[in-house]
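Residues per chain, in single letters:
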Amino acid sequence: MRRHYLITYDIADDKRRTAVFETLKDHGDHAQFSVFFCELNRRELAELRGIMQQAIHDHEDQILVLDLGPEHNPLDTQIECLGRPYDPTPRSLIV
């Protein structure tokens, strides 16, 4: 089952921050400066966690992963926006 996740990061080093950004860009929608929305199954989430864990420094960096529920619940019903509305860019899966 696929679920929505909000993933945000605070990375102290530019090189590590860029690595995490590029990894997340391949797995989700870039919503704000250090915030991504990802739709992942358990295996994908475990793989993503492993990649990100290797990219960061445990004592200097932080990544937060928030489970927003099943994919069949639209994000626009789970997110309250103040100001400019959240407008995800359409993603296409190439097989």
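Residues numbered from 1 in each chain as written. Predicted model: local features only at pLDDT ≥ 70, side-chain atom pairs only at ≥ 80, totals over all residues. Heavy atoms only, no water.

## Observations concerning the overall build of the chain
Going by this rule: Helix and strand labels come from DSSP, where a helix needs a run of H or I of at least four residues and a strand needs a run of E of at least two; each type is numbered from the N terminus. Only the C-alpha atoms count toward the radius of gyration. The rule for a globule is 2.2 Å times the residue count to the power 0.38. Burial classification: accessible surface area is computed with a 1.4 Å probe over protein chains only, and a residue below 20% of its type maximum counts as buried, one above 50% as exposed, and the rest as partly exposed. The contact criterion used is simple: two residues touch if any of their non-hydrogen atoms lie within 4.5 Å. In this charge count, Lys and Arg are treated as positive and Asp and Glu as negative; neither His nor the chain ends contribute. Taken as the charge centre is NZ of Lys, CZ of Arg, CG of Asp or CD of Glu, depending on the residue.
Of the regular secondary structure elements, the chain holds two helices and four strands. When the helices and strands of the chain are placed in sequence order, the string is β-α-β-β-α-β. Here the C-alpha atoms of the chain give a radius of gyration of 14 Å, agreeing with the 12 Å that 2.2 N^0.38 yields for 95 residues. Projected onto its principal axes, the C-alpha coordinates of the chain cover approximately 35 × 35 × 25 Å. The burial tally for the chain puts 29% of its 95 residues in the buried class. Partitioning the contacts of the chain with sequence separation of at least 6, the portion at a separation of at least 24 is 75%. Across the chain, the centroid of the 11 positively charged side chains sits 3 Å from that of the 17 negatively charged ones.

## Overview of helix 2 (residues 42-55)
As a reminder of what qualifies: Expected span of a helix: the number of residues minus one, times 1.5 Å. The directions from the helix axis to the C-beta atoms are what the arc is built from.
In a regular helix each residue adds 1.5 Å, so 14 residues correspond to 20 Å; helix 2 covers 20 Å between its end C-alpha atoms and thus fits that length. Taken residue by residue, helix 2 has Glu 44, Leu 45, Leu 48 and Met 52 as its buried positions. Seen from one end, helix 2 has its buried residues packed into an arc of 95°, which puts them on one side. Of the exposed residues in helix 2, those oriented more than 90 degrees away from the buried face are Arg 42, Arg 43 and Gln 54. Against the buried residues of helix 2 lie strand 1 (3-10), helix 1 (14-25), strand 3 (35-40) and strand 4 (62-70).

## Things to note about the pattern of salt bridges
Where we set the bar: By definition here, a salt bridge exists when the distance from a side-chain nitrogen of Lys or Arg to a carboxyl oxygen of Asp or Glu is within 4 Å.
Summed over all chains, the structure comprises eight salt bridges. One salt bridge connects Arg 2 with Glu 44, and the closest N-O pair in it is separated by 2.8 Å. With Arg 2 in the segment before strand 1 and Glu 44 in helix 2, this residue pair connects regions lying 42 residues apart in the sequence. Put simply, Asp 67 and Arg 3 hold a salt bridge, and the shortest N to O gap is 2.8 Å.

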